[in-house]
Amino acid sequence: MTENVPFLDLSAQQAEIIDEVLPKWREQFRSAAFMGGPEIAGFEQEYAAYLGVNCVVGVSNGTDALELAYRAVGVGPGDEVIMPANTFIATAEAASRIGAVPVFVDVEDEYLLIDPDAVAAAVTERTRAIVPVHLFGQTAPVELLAPIAERYGIPIIEDAAQSQGAASAAGRAGSLGRVAATSFYPGKNLGAAGDGGAVMTDDPELARTVRDMAAHGSATKYVHHRVGFNARLDAVQATVLRAKLRRLDAWNSSRQEAAAWYGQILSGIEGVRLPSVRPGNSDVWHLYVIRVEERDRVLAELTADGIGAGIHYPTPVHLTEAYAHLGYQRGQFPVAEAAADRILSLPMFPHLLEEQQERVAAALSTAMSRALVPVA
Ligand SMILES: *Cc1c(COP(=O)(O)O)cnc(C)c1O
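Throughout, a residue's number is its position along its own chain's written sequence, starting from 1. Predicted model: local features are reported for residues with pLDDT of at least 70 only, side-chain atom pairs are reported and counted for 80 or more only, and whole-chain, interface and lining totals are derived from all residues. Remark: hydrogens and water are excluded; side-chain values derive from all non-hydrogen atoms of the structure.

In the nomenclature of an unreviewed UniProt entry, the chain is known as DegT/DnrJ/EryC1/StrS family aminotransferase of Microbacterium lushaniae.

1. Some words on the sheet that holds strand β9 (residues 197-201)
In short, DSSP must find at least two bridges between two strands for them to pair. Helix and strand labels come from DSSP, where a helix needs a run of H or I of at least four residues and a strand needs a run of E of at least two; each type is numbered from the N terminus. Taken together, four strands build an open sheet; the order of strands is β1-β9-β8-β5 and the sheet is mixed. Edge strands, defined here as strands with exactly one partner in the open sheet, are β1 (55-59) and β5 (157-159). Sheet twist, expressed as the average angle between the axes of neighbouring strands with direction ignored, equals 20 degrees. Here β1 runs beside β9; their pairing, made up of five bridges, is antiparallel. All axes are obtained by fitting lines to C-alpha atoms, using only the stretch in contact for helices, and the reported angles, taken between N-to-C directions, cover 0 to 180 degrees.

2. Things to note about the side chain of D283
The residue D283 is located in the loop between α8 (235-266) and β10 (288-291) in this model. Contacts between residues were defined by any pair of non-hydrogen atoms, one from each residue, lying within 4.5 Å. For D283, the contacting residues outside a window of four places in its chain are G137, Q138, T139, Q256, S276 and V277.

3. Re the packing of aromatic side chains
The description of an aromatic ring pair uses the distance of the two centres, along with the angle that the planes make with each other. We call Phe, Tyr and Trp rings a pair once their centres come within 6.5 Å, taking the six-membered ring for Trp, and we label the pair stacked below 30 degrees between planes, edge-to-face above 60, and tilted otherwise. Summed over all chains, the structure comprises 11 aromatic pairs. Look at F43 and F184: their rings are 5.4 Å apart centre to centre, the planes differ by 85 degrees, and that puts the pair in the edge-to-face class. Separated by 141 residues along the polypeptide, F43 in helix α2 (residues 38-51) and F184 in the loop between β8 (179-183) and β9 bring together distant segments of the chain. For the pair Y47 and Y50, a centre-to-centre distance of 6.1 Å together with 10 degrees between the ring planes defines the contact as stacked. You can see Y47 and its partner Y50 sitting in helix α2, three residues apart, about one turn around the helix. Classification of Y47 as buried rests on a relative accessible area of 1%. By relative accessible area, which is 15% here, Y50 ends up buried. Note on geometry: a ring has a charge over it if NZ (lysine) or CZ (arginine) is within 6 Å of the ring centre and within 35 degrees of the ring normal. Looking at R172, its charged tip hangs above the ring of Y50, at a distance of 4.0 Å from the centre. Three labels apply to residues, based on accessible area from a 1.4 Å probe with only protein chains included: buried if under 20% of the type maximum, exposed if over 50%, partly exposed otherwise in between.

4. Quick word on the pairing of strand β2 (residues 80-84)
Burial analysis of β2 places five of its five residues in the buried class, which makes it a mostly covered element. Side chains E80, I82 and P84 project from β2 onto one buried face, and the interleaved V81 and M83 project onto a second face that is buried too. Orient the strands so they point away from the viewer; a crossover is then right-handed if the path from the first strand over the helix to the second runs clockwise. What joins β2 to strand β3 (residues 101-105) is helix α4 (residues 90-98), and the crossover it makes is right-handed. Bridging between β2 and strand β4 (residues 127-130) involves three bridges; their strand directions are parallel. Across the sheet, the residue bridging to V81 is A129, located in β4.

5. Some thoughts on unusual backbone geometry
Looking along the chain, the bond that leaves H312 and enters Y313 is cis, with omega of 15 degrees. Inspection of the secondary structure assignment puts Y313 in the loop between α9 (295-304) and α10 (334-342). At W285, a residue that is not glycine, the phi angle is positive and equals roughly 50 degrees. With respect to the helices, strands and loops of the structure, W285 is situated in the loop between α8 and β10. Despite not being glycine, E294 has its phi angle at roughly 50 degrees, a positive value. One can find E294 in the loop between β10 and α9. Taking relative accessible area as the criterion, E294 reaches 19% and is therefore assigned buried.

6. Details of the packing of α2 against α8
Taken N-terminus to C-terminus, the directions of α2 and α8 make an angle of 25 degrees; their axes are 7 Å apart at the nearest point. Regarding the angle of α2 to α8, the classification is roughly parallel. Helix-helix and strand crossings are classified by hand; for α2 and α8 the assignment is left-handed. Taking contact as the criterion, the partners of P38, E39, I40, G42, F43, E46, Y47 and Y50 in α2 are, on α8, A235, A238, T239, L241, R242, L245, R246, L248, D249 and N252. Looking at side-chain class alone, the contact of α2 with α8 contains 10 nonpolar, three polar and five charged residues. Every angle not falling under 35 degrees, over 145, or within 65 to 115 is termed oblique; those three ranges are roughly parallel, roughly antiparallel and roughly perpendicular. For any pair of crossing helices, the crossing counts as left-handed if the nearer helix is rotated counterclockwise from the farther one by less than a right angle, and right-handed if it is rotated clockwise. Following the grouping adopted for this structure description, the nonpolar residues are Ala, Val, Leu, Ile, Met, Phe, Trp, Tyr, Cys and Pro, the charged ones are Asp, Glu, Lys and Arg, and the polar ones are all others, Gly among them.

7. Quick look at the site of the ligand
Near is defined per residue: the residue qualifies when any heavy atom it owns lies within 4 Å of the molecule or strand. Near the ligand, the surroundings consist of 15 residues, among which G62, T63, D159, S183 and K188 are the closest. Polar contact criterion, stated in full: a pair of N or O atoms within 3.5 Å, where within protein one must be able to donate a hydrogen and the other to accept it, and residues adjacent in sequence count only if both atoms are side-chain atoms. G62 places a main-chain nitrogen or oxygen 2.7 Å from an oxygen atom of the ligand. Secondary-structure elements contributing two or more residues to the shell around the ligand are α3 (62-72) and α4. Among the residues making up the shell around the ligand, the classes are represented as six nonpolar, seven polar and two charged.

So, in structure tokens, the structure goes:
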């Protein structure tokens, strides 16, 4: 009887940090110091140093981080925010919550990241932000968007929720735009023990705006100089994030080794398109995404075989029911749409074992050998 391979197993991560975290949690419980305090400030400073940015503001989750970043650069009702069609829906929701309009564009085929030519074609007088998403642990080509952003005076806001530690030649994902947002949802490369997020920027003024907005429009207790909301990070989460940040590079290296091993053991399987790394980039493999024909059948067979696999994401955002009101049609973004029918995320986490990967390869090989459509 062979063992099942989970899609994601974070238990080994918690085991590594528990002795460091529990005494601090005990002290927080004793003093009831849950909001504010040295753990949050410490994490913000350490994450800023790690990314090479001036300011990090810890917030409640990645979606709030995006909304705060959009608002901080002045995105308002009716403004357009350009973003890729294949992202997690939160990138769009954060714009919609402001009353702004997500404007979707297609991605390029090789890396499934935002297509700079498509962005250039989508700019209008109402465009107020361009949002590259560093999907799957990659770094989107922000330097190719920069000339467009400069020409029209539109800020670049990075969605760095899937890319903690990733880098391109230009620097770390999350340090490349005017402002960036990230998520510390437990399953991200840097994950909390619940919800968390952050906004990153070099601009202290912008950081201050975000911090105030996330705390009821107030820098001083009960002095409210704008209408804000509540989107703070708490000390319980910051404690976990500090402990995990110290291990992030090691865990990302493990993911890179696992990705290299997949590259070797999957390369002989006919009909499987492996992910590639843009030259000069260091990807951190939040997800390991292959492309196959008959994806749903292959996924069903892997699942039946005890292999955890997923689809990120089955429906490009422009075709979701939630965004039907924007009137997009199937066929508008052929690359994102074709990818959505073929992408398959294989098990990937820092403590994934080589033997587990070999189980995945064997199951995938069996599933692919049953292909109904002959592969070219
Ligand atoms: C996870 C994620 C978010 C949202 O983060 P939450 O913390 O779940 O709100 C936004 N964008 C992308 C690309 C994500 O993967």
